[in-house]
Amino acid sequence: QKRTHLQQQEAQLKRLRQQLQQAEKQAYEYQAQLAAVQLELEQTHTALHNCVQEAESAGLNPDQLRQAPLEAPELQTVEKRLRQAQKARERLGAVNMTAIEASAQLQAQMRELETQMADIRSAVETLQQSIRKIDRDSRRRLRETFDQVNAHFMRLFPVIFRGGKAQLQWLDPDMDPLENGVLVMAQPPGKRTTRIQMLSGGEKTLTALALIFALFELNPAPFCVLDEVDAPLDDANVMHFCELVKAMAKQVQFILITHNKTTMTMAEQLLGVTMHEPGVSRVVSVDLHTAVDMIEETA
């Protein structure tokens, strides 16, 4: 909006400058015409004065000459000059008597607009400096966060896979981090390094979990909801997943939605949803610790 307002002010200032130039040009033309008329008037006065002096030198009375009728050739010459003067005046058009005043008003308005433009430019420069500072801080914090998450990810991946390695990479190392992308490169045990898109379903799940847990280690949340993330895993990987969740549960409370019995046995509180009647769901709560105690007491 600031830039749009600045463009409008610049366009208005340009129009005012054009109007000012036209007014100054017109005033200059009027001054030139006035000077020409004044010069012609002075020449006429000089010629008349010379005629009077010549008449007096010849012994003639100037008053008698003024009353004497003009001869035909002189009258025609005067009429011709009069017509020429009238045509010249018509070519000049209407004289704008307020041109000088209008020029002064336009100059004052132009100075006011220039002051406003200077203020707007100053405000725009201040905003641009703020944007550049925010961008610098964002780049710095993004790089720091990227390095920290990558370190946690590189540590957790071998834990959940029982070997292998993985890391995060910038899509283009020379590109601005704020506009860049991130690649997840993984090498499960016994396989070559590849992008996460080329892994199997179970490997993708474990790699994604390692990345999620890396983010949680950087900035732990009060709880984490995982919806059937163990569905594509085999029994061995389910055990690895459960062990990692147990380790992370010291910092984060996990809410798991699962159909896997191995995962259920890890839970401290178990909630089951059953449907005794069509369309009617029922929630059943089971405290595993209480159930174990009851079994031991019964035994």
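Our subject is the structure that appears above.
Residues numbered from 1 in each chain as written. Predicted model: local features only at pLDDT ≥ 70, side-chain atom pairs only at ≥ 80, totals over all residues. Heavy atoms only, no water.

Draft legend 1. Structural view of the layout of surface pockets. Taken as a whole, the largest pocket holds about 790 Å³ of empty space. Around the largest pocket sit 22 residues that line it, and F254, I255, L256, A267 and Q269 are the ones nearest its centre. Mapped onto the lining of the largest pocket, the elements with two or more residues apiece are helix 6 (235-248), strand 5 (253-257), helix 7 (261-266) and strand 6 (269-277). Class assignment for the residues of the lining of the largest pocket results in 13 nonpolar, six polar and three charged. (1 Å grid on protein atoms, 1.4 Å probe; cavity = no way out; pocket = protein on both sides within 12 Å on 5 of 7 lines; lining within 4 Å. Points joined across faces, edges and corners; volume = space filled by probe spheres on them. Helix = DSSP H or I, 4+ residues; strand = E, 2+ residues; numbered from the N terminus. Nonpolar A, V, L, I, M, F, W, Y, C, P; charged D, E, K, R; others polar.)

Draft legend 2. Fine view of the pattern of salt bridges. Enumeration according to the criterion identifies seven salt bridges in this entry. Residues E203 and K191 are paired through a salt bridge, measuring 2.5 Å at the closest nitrogen-oxygen approach. Of this pair, E203 sits in helix 5 (residues 201-218) while K191 sits in the loop between strand 2 (182-187) and strand 3 (194-195); the two residues are 12 residues apart in sequence, bridging distant segments of the chain. Since its relative accessible area comes to 43%, K191 is described here as partly exposed. (Salt bridge = Lys/Arg side-chain N within 4 Å of Asp/Glu carboxyl O. Buried < 20%, exposed > 50% of the residue type's maximum accessible area, 1.4 Å probe, protein only.)

Draft legend 3. Representation of unusual backbone geometry within the structure. If you check the backbone angles, R162 has positive phi at about 60° while not being a glycine. If you trace the backbone, R162 turns up in the loop between helix 4 (99-161) and strand 1 (165-170). With a phi close to 55°, E228 is a non-glycine residue in the positive phi region. Relative to the elements of secondary structure, E228 occurs in the loop between strand 4 (223-227) and helix 6.

Structural measurements only, silent on function.
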